[in-house]
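Structure assessment
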Amino acid sequence: DAGITQSPRHKVTETGTPVTLRCHQTENHRYMYWYRQDPGHGLRLIHYSYGVKDTDKGEVSDGYSVSRSKTEDFLLTLESATSSQTSVYFCAISESLGTTKDIQYFGAGTRLSVL
Amino acid sequence: AQSVAQPEDQVNVAEGNPLTVKCTYSVSGNPYLFWYVQYPNRGLQFLLKYITGDNLVKGSYGFEAEFNKSQTSFHLKKPSALVSDSALYFCAVRDKAGANNLFFGTGTRLTVIP
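Described below are features of the structure shown in this document. Just so it is clear, the model here is predicted, and its values are computed rather than measured.

Of regular secondary structure, chain B possesses zero helices and twelve strands. Listing every helix and strand of chain B by position from the N terminus yields β-β-β-β-β-β-β-β-β-β-β-β. Each principal axis of the C-alpha distribution contributes one length, and for chain B these read about 45 × 30 × 20 Å. For chain B, the exposed area adds up to about 5,200 Å²; of that, 49% sits on carbon and sulfur atoms. When the 10 basic and 8 acidic side-chain charges of chain B are each reduced to a single mean position, those positions are 6 Å apart.

Attention now moves to the pattern of salt bridges. This structure, assessed with the given rule, holds seven salt bridges over all chains. A salt bridge links A:K70 to A:D73, with the nearest nitrogen and oxygen atoms 3.3 Å apart. When its relative accessible area of 40% is taken as the criterion, A:K70 is described as partly exposed. Notably, a salt bridge pairs B:R94 with A:D102, separated by 2.1 Å at the nearest N-O pair. In this pair, B:R94 is assigned in strand β10 (residues 87–95) and A:D102 in the loop between β9 (87–94) and β10 (105–106), connecting two distinct chains. Judged by relative accessible area, B:R94 falls into the buried class, the value being 3%. Within this structure, A:R22, A:K70 and A:D73 form a network of salt bridges that share partners.

It is worth spelling out the sheet that holds strand β1 (residues 4–7) of chain A at this point. Residue and element names in this part refer to chain A. What the four strands build is an open sheet, ordered β1-β3-β8-β7; its pairing is antiparallel. Two strands bound the open sheet, and with one partner strand each, they are β1 and β7 (64–70). Across the sheet, the axes of successive neighbouring strands diverge by a mean angle of 15°, strand direction being ignored. Bridge count between strand β3 (residues 19–25) and strand β8 (residues 73–78): six bridges; the pairing is antiparallel. Each bridged residue has a counterpart across the sheet, and for L21 the counterpart in β8 is L76.

Parameters and conventions
- Residues numbered from 1 in each chain as written.
- Chains lettered and ligands numbered in written order.
- Predicted model: local features only at pLDDT ≥ 70, side-chain atom pairs only at ≥ 80, totals over all residues.
- Heavy atoms only, no water.
- Helix = DSSP H or I, 4+ residues; strand = E, 2+ residues; numbered from the N terminus.
- Areas by Shrake-Rupley, 256 points an atom, 1.4 Å probe, with all protein chains shown as cover.
- Lys, Arg positive; Asp, Glu negative; His and termini not counted.
- Charge placed at Lys NZ, Arg CZ, Asp CG, Glu CD.
- Salt bridge = Lys/Arg side-chain N within 4 Å of Asp/Glu carboxyl O.
- Buried < 20%, exposed > 50% of the residue type's maximum accessible area, 1.4 Å probe, protein only.
- Pairing = 2+ DSSP bridges.
- Axes fitted to C-alpha atoms, helices over the stretch in contact; angles between N-to-C directions.

Structure (structure tokens):
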């Protein structure tokens, strides 16, 4: 999975608790992304980062925050988990945009269940 | 607004037969188009992409896709299906001039029957 490690791989939590998912890359790629995958929706972008401390919202960002203090780490936080955030979360990285290296590589995913 | 449609949730094909997985898109500018494959309990793997140039794009594992601007389509094809091609396939699009995120289709599950 292209030098991308997501942790934890599985998590069960209770409604109202904060949860942090971690994405770690060893490729030194500039861009990092968090997606969620749900049946009937494909993948939807939550947040992305275009550099250290540079982040922006995706199409389903409500209830989520991110941080990127180092090139290699991109954290996704569910501030107060809800059952609607039960999903599989994928991190992706890419080296550049608009070139032959404009390809997103995905981690193995984190399965989150909010009870 | 950008969007991708994969009209078939499920495609079944016999081993050795040609396969097609359909994708149509909508963008305001010229599109970047991608195909990804997902095997069970794995992340998405890149297959191929179209940015510019030849309308027929060749990718990994013998897959290819044809960009058709007039029909706004980017169908994935393979001349001879293998049982190991059975997986979930996603088409994605990005507007060159827009935000850097990809918009994904809902996926098509391909089953190759031995």
